[in-house]
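Here is what each chain is made of, one letter per residue.
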Amino acid sequence: MRELELPALTHSALSDRLIALRDEHQRLKGQGLRLDLTRGKPSPEQLTLSQPLLGMPGADGHTAQDGTDCRNYGGLRGLPELRATFSGPLQVPAEQLVAFGNSSLELMYECLVDAVLFGVPGSSAPWPREGRTAVLCPVPGYDRHFAICEKLGLDMIPVPMTETGPDMDEVERLVGDERVKAIWCVPKYSNPTAVTFSAETVRRLAAMETAAPDFRVFWDNAYAVHGVADADEPLLDILGLSAEHGHPDRVFVFGSTSKITAAGSGVAFFGSSPANVSWLLGHLAKRTIGPDKVNQLRHARFLPDAPAVAAHMARHAALLRPKFELIETVLEKRLGGTGVASWTRPRGGYFVSLDVLDGCAARVVELAGEAGIALTPAGAAFPHGKDPRDRNVRLAPSYPDLDELRDALEGLVLCVELAAVERLLAASDGTV
């Protein structure tokens, strides 16, 4: 811990520090690093945990529990046994859960496209026909959510994330506008802040009155079973609560096995009210005769019930936990007490959200890139890639091994401090 925070140093002390940091950065660039902290990909060791899937279901194992021949067409809802396994973790009754292809992002895109083209249950017309359509976007948030909205021409309204989820006072104010049709939510170990929505936040989302009768909560429960701490963080059942409050069609639940088994060949899920499920299946039926049931069958056999999922995820946690611990150790050692950085301390999920000095995130990413350390672009966690304070950097520690991660983090903290000292000196000189 330093005696003085960097913003409290004199101009002379900052100038001396700048010289030392630039020398250190030059040495770092000379190491020829090629390190990547850009995306939350499972490591090869994590993928190996699901290696038995590659031998399933076997040449003679193509029949599901209900007698379905998984080699053939049909079965748009997905295999019942797999839906039963993930019903509990996703908090959706099995009969209201659809198992589909390998990507939950595909299902989210499908739902938004269908809403734009046709409307949803409760709509009087397709969403754009009723005027400009807006979606609430908690920030920092998931860049791919925002990319879908941008692709479809939907307005995005940022809502600050707090330690309990999105700022619900702001959400409740904004949904009074009838053009606001939806909100994105990653409710458990959210991307990138790792926040789990509090019970109060979930209740307010379920109960709030909205001007748009066809308002939807896009509940992307991507990390439902991805805890890394000893105790899991509870999450209330928003689907059931919404029905209790008279809004049975409010919530679209999404999930997948992408970070549970094989990231490129998992199974995605959609859960909602019977009306919403029928709506989605009606659209899916026009573009497919059924999902890959052979892949679903091998998943059902590899993960036959919720306890099997929990045991499997405990093995994932054992691989991920040391990486999150290493981030905390390195950041605290080098940036703790500097006054120029703060970060989240995840109990699950795949990311750490790092906030640096205002106006410095893009410079941090640039400096790191010069040294061979690839980071997610600054602003990626905000609509249109624009962080108004230019301070947020998302860290994805899952893929590198511990030695590579340590090297990347040691380089990163140097870049954070260097960017901060440059900024403080420029402010002192009156050039910013």
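Structural notes, computed from the coordinates. (Residues numbered from 1 in each chain as written. Predicted model: local features only at pLDDT ≥ 70, side-chain atom pairs only at ≥ 80, totals over all residues. Heavy atoms only, no water.)

**Describing the sheet that holds strand β5 (residues 165-166)**
Where we set the bar: Should DSSP find at least two bridges between two strands, the strands are taken to pair. Counting from the N terminus, the helices are DSSP H or I runs at least four residues long and the strands are E runs at least two residues long.
Pairing is mixed in the open sheet, where eight strands are placed in the order β2-β9-β8-β7-β6-β3-β4-β5. Taken across any chain shown, the strands that pair with only one partner, and hence form the sheet edges, are β2 (97-99) and β5. Pairing of β2 with strand β9 (residues 268-271) involves three bridges; the strand directions are antiparallel. By the bridge assignment for β9, valine 98 is matched with phenylalanine 270.

**Observations concerning the pairing of strand β8 (residues 251-256)**
Our working definition: Exposure categories follow from relative accessible area, calculated using a 1.4 Å probe and restricted to protein chains: below 20% of the type maximum is buried, above 50% is exposed, and the middle band is partly exposed.
Along β8, six of the six residues are buried, which leaves the element largely enclosed by surrounding structure. Taking every second residue as pointing to the same face, both faces of β8 are buried, with Val251, Val253 and Gly255 on one and Phe252, Phe254 and Ser256 on the other. Where strand β7 (residues 216-220) and β8 come together, four bridges link them in parallel fashion. Counted as the bridge partner of aspartate 220 is phenylalanine 254 from β8.

**Regarding the packing of helix α1 (residues 11-29) against helix α13 (residues 402-429)**
Where we set the bar: Only the contacting stretch of a helix is used when fitting its axis, a line to C-alpha atoms as for every element, and angles between N-to-C directions run 0 to 180 degrees. Handedness of a crossing is defined here by the sense of rotation of the near helix relative to the far one, left-handed for an anticlockwise turn of less than a right angle and right-handed for a clockwise turn. In this analysis, two residues are considered to be in contact whenever any of their non-hydrogen atoms come within 4.5 Å of each other. Amino acids are sorted into nonpolar (Ala, Val, Leu, Ile, Met, Phe, Trp, Tyr, Cys and Pro), charged (Asp, Glu, Lys and Arg) and polar (every other residue, Gly among them).
Between α1 and α13, the least distance of the axes is 9 Å, while the angle of their chain directions is 145°. By crossing handedness, the relation of α1 to α13 is classed as left-handed. Note on element contacts: α13 touches α1 through Gly411, Leu414, Cys415, Glu417, Leu418, Val421, Glu422, Leu424, Leu425, Ser428 and Asp429, opposite His11, Leu14, Ser15, Arg17, Leu18, Leu21, Arg22, Glu24, His25 and Leu28. Across the contact of α1 with α13, the residue classes break down as 10 nonpolar, five polar and six charged.

**Examining the sheet that holds strand β11 (residues 352-356)**
With respect to topology, three strands assemble into an open sheet ordered β10-β11-β13, the strand pairing being antiparallel. A strand with exactly one partner marks an edge of an open sheet, and here the two such strands are β10 (341-343) and β13 (392-395). Here the average twist between neighbouring strands, direction ignored, is 20°.

**Section: the pattern of salt bridges**
Here is the rule: Should a side-chain nitrogen of Lys or Arg be within 4 Å of a carboxyl oxygen of Asp or Glu, the pair is scored as a salt bridge.
Enumeration according to the criterion identifies 26 salt bridges in this entry. The residue glutamate 417 makes a salt bridge to arginine 17 at a minimum N-O spacing of 2.9 Å. In this pair, glutamate 417 sits in helix α13 while arginine 17 sits in helix α1, placing the two residues 400 residues apart along the sequence. When salt bridges that share partners are traced, they join Arg17, Glu24, Arg334 and Glu417 into one network.

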